[in-house]
Amino acid sequence: MVLYTTPFPNSCLSALHAVSWALIFPCYWLVDRLVASFIPTTYEKRQRADDPCYLQLFCTVLFTPVYLALLVAALPFAFLGFIFWSPLQSARRPYSYSRLEDKSPAGGAALLSEWKGTGAGKSFCFATANVCLLPDSLARLNNVFNTQARAKEIGQRIRNGAARPQIKIYIDSPTNTSISAASFSSLVSPQGSDGARAVPGSIKRTASVEYKGDGGRHPSDEAANGPASGEQADGSLEDSCIVRIGGEEGGRAQEADDPAPGSQARNGAGGTPKGQMPNHNQRDGDSGSLGSPSASRESLVKARAGQDSGGSGEPGSNSKLLYKTSVVKKAAARRRRHPDEAFDHEVSAFFPANLDFLCLQEVFDKRAAAKLKEQLHGYFEYILYDVGVYGCHGCCNFKCLNSGLFFASRYPVMDVAYHCYPNGCSFDALASKGALFLKVQVGSTPQDQRIVGYIACTHLHAPPEDSAIRCEQLDLLQDWLADFRKSTSSTSTANPEELVVFDVICGDLNFDNCSSDDKLEQQHSLFTRYKDPCRLGPGEEKPWAIGTLLDINGLYDEDVCTPDNLQKVLESEEGRREYLAFPTSKSPGAGQKGRKDLLKGNGRRIDYMLHAEEGLCPDWKAEVEEFSFITQLSGLTDHLPVAMRLMVSAGEEEA
């Protein structure tokens, strides 16, 4: 399949569209700014609290007439541009595809070695997030603002989080075989006395650490520039740095050493300076930018290596030996760590290291999408953006906004399809919400069979009262996905040219698994064909699962305005009740705040990652290895991103 790098089939139509949009844009921008000036966020209200009242009144009186006058002057040009713009949308392709041509380390993208489908298996990491990159006036309804600056900062944080070194920590302690319950905000120093001393039964947070891996390179160099030339960066565990923590038998718990002076400024857990805008572009070394020698818990493989794995204590010298030991003992170690769960799960301050696929929702603003693409191309080679349709299409309503879907991949995209949901209503009908389907090639076998995977990214209808509409959209999603797989498959029983190793659905589904108002969606047949790692059944979540929708009134509170602060808050039940959104009550007079005290859940989880266990290559299976709720975009969006790492392996080798 040919992937189109421009939205129009020829340069003439592209030029005509550019001219028509140039005529429309001034009117669009003025309306957006005019409306935005009357919708302050809680952050702006706090900043203005000390301003004299007459100053605010003066600004309103001065700028509103100016905006109105310019708007009236721009209307005729906008009308003329709309006459040309509207019919052009029938010829527009439903996405734009961008591939990074410069794959050198200077270009920023990590080099991937081709997977041959051999060995113990390979892990693939997926992440999804609703980033609320709407026109500024609409974004303020969700208590976020400055869409263009947020887009750039979101891209930087995702890129730097995913590009940092993946550090594996193995614990040699007779009393503790799990670190999933411990709070890590940075790397643990391999030098026992310089970083954090091992503590029997518990591990404490550490400050920043001066850690150098192979060849004396600093992790922050990789985070900023990608791996050095010639190194593999395919997420393979063999390429990860490994740190051993030795435990002491008996004795009292030892406290972690105090951080060195100035280390907090370098630490990924460092907070935003007081008074600084939460989504302000941060300097290298701040927590959001992650340009520091720090990492978080989701980058750690929480497997225990035996005492016989030995080594000199240097990470580079025993990494392969420890890795082989962990593969052999992986299943048994997981059962010991989590008797009720087969995989690791956590609240993480950073995006997973070696992230392979990223699905975003609500990237509605075109300029924001371009900024986001520019930042993410520092890590992802393949990107699809500006997905959706505009204007009138068939029986659908007029679409002012695209679908908001955005997809980034480190692996080649083979086929793409997009479908718009035809049943949107209310304000949701103004956006071309739909589903984006992708087929990616992740390797090839020694017999030249392609190893492929399928990914679907979607954003369902938002109004909470429209359960029937969302159920109908889930039906369409399943039908479209089945058609896409059938139309793009080149595999037959007699001639298996492809091996399908994963099938993943992710996105903002706008319903949760606990609300009584969402019972229809909770019982949908989609959950019989695809597995939700956080769900026990309809209306019943796993104990560790938390909500992904934040209470917008608390986005800029000091307790949650940095990734590490939000991580700490969400690790406690009291913090979740305070800062996560819960189902609203239909009874009069019962507001969100009063209702939270009565609720026992962990908030509304409306961002999903589902994976299929059937329909894959018979000789292969995909199992969840890690699941993370991510706080790295704190202050930039009202959703928590989620990430899932799948381990793909041959069935007979896992047996």
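- Going by what an unreviewed UniProt entry lists, the protein is known as Sphingomyelin phosphodiesterase 3 and is assigned to Rattus norvegicus.
- The UniProt entry for the protein carries this comment under Cofactor (unreviewed entry): "Mg(2+)".
- We quote the UniProt Sequence similarities (unreviewed entry) comment for the protein here in full: "Belongs to the neutral sphingomyelinase family."

**Quick notes on the pattern of salt bridges**
Point 1. Taken as a whole, this structure holds 22 salt bridges when the rule is applied.
Point 2. Between Arg 410 and Asp 356 there is a salt bridge, with its nearest N and O atoms 3.2 Å apart. Here Arg 410, found in the loop between β8 (406–409) and β9 (413–420), pairs with Asp 356, found in the loop between β5 (344–348) and β6 (357–363); they are 54 residues apart in sequence, far enough to count as distant. For the pair shown, Arg 410 and Asp 356 are each scored as buried.
Point 3. As a salt-bridge pair, Asp 428 and Lys 433 come within 2.9 Å of each other at their nearest N and O atoms. Exposure class is identical for Asp 428 and Lys 433. Each is buried.
Point 4. Here the salt bridges do not stand alone but share partners, grouping Arg 33, Glu 44, Asp 136 and Arg 140 into one network.

**A look at the environment of Ala 22**
Point 1. Assignment of secondary structure puts Ala 22 in helix α1 (residues 11–36).
Point 2. Between the C-alpha atom of Ala 22 and that of Gly 81, which follows or precedes it by 59 residues, the distance is 7.7 Å.

**Let's talk about the packing of aromatic side chains**
Point 1. The full count for this structure, using the stated rule, is 30 aromatic pairs.
Point 2. Geometrically, the ring pair formed by Phe 145 and Tyr 556 is edge-to-face, given 6.3 Å between the ring centres and 70° between the ring planes. With Phe 145 in the loop between α4 (136–139) and α5 (147–163) and Tyr 556 in the loop between β15 (540–541) and α13 (563–570), the pair connects residues that are 411 residues apart, well separated along the chain. The exposure classification of Phe 145 matches that of Tyr 556, with both residues buried.
Point 3. Ring centres of Trp 544 and Phe 627 lie 6.0 Å apart, and the angle between their planes is 55°; this geometry places the pair in the tilted category. Here Phe 627 lies in strand β17 (residues 620–630) and Trp 544 lies in the loop between β15 and α13, a separation of 83 residues in the sequence. Grouping residues by exposure puts Trp 544 and Phe 627 together as buried.
Point 4. Directly above the ring of Trp 21 sits Lys 366, whose terminal nitrogen or CZ lies 5.4 Å from the centroid.
Point 5. Seen from the ring of Phe 527, Arg 535 lies directly overhead, with NZ or CZ sitting 4.2 Å from the centre.

**Thoughts on α5**
Three- or four-residue spacings in an α-helix give side chains the same orientation, since the helix completes a turn every 3.6 residues.
Point 1. Taking 1.5 Å per residue, 17 residues should reach 24 Å; α5 reaches 24 Å between its end C-alpha atoms and fits that length.
Point 2. Burial analysis of α5 places 14 of its 17 residues in the buried class, which makes it a mostly covered element.

**Overview of the sheet that holds strand β12 (residues 498–508)**
Within a sheet, each strand pairs with its neighbour through backbone hydrogen bonds, oriented either parallel or antiparallel.
Point 1. The six strands are arranged β9-β10-β11-β12-β16-β13 in an open sheet whose pairing can be described as mixed. Of all strands in the sheet, those with a lone pairing partner are β9 and β13 (530–531), marking the two edges.
Point 2. Relative to strand β11 (residues 450–459), strand β10 (residues 434–444) runs antiparallel, the two being bridged by nine bridges. Paired with Lys 439 across the strands is Tyr 454, a residue of β11.
Point 3. In the packing of helix α10 (residues 467–488) onto the sheet, contacts are made with β9, β10, β11, β12 and β13, and the angle to β10 comes to roughly 35°.

The rules we used
Residues numbered from 1 in each chain as written. Predicted model: local features only at pLDDT ≥ 70, side-chain atom pairs only at ≥ 80, totals over all residues. Heavy atoms only, no water. UniProt positions renumbered as here; feature names shortened; annotations may be inferred. Salt bridge = Lys/Arg side-chain N within 4 Å of Asp/Glu carboxyl O. Helix = DSSP H or I, 4+ residues; strand = E, 2+ residues; numbered from the N terminus. Buried < 20%, exposed > 50% of the residue type's maximum accessible area, 1.4 Å probe, protein only. Phe/Tyr/Trp six-rings, centres within 6.5 Å; stacked < 30°, edge-to-face > 60°. Lys NZ or Arg CZ within 6 Å of the ring centre and 35° of its normal. Expected span 1.5 Å × (residues − 1). Pairing = 2+ DSSP bridges. Contact = heavy atoms within 4.5 Å. Axes fitted to C-alpha atoms, helices over the stretch in contact; angles between N-to-C directions.

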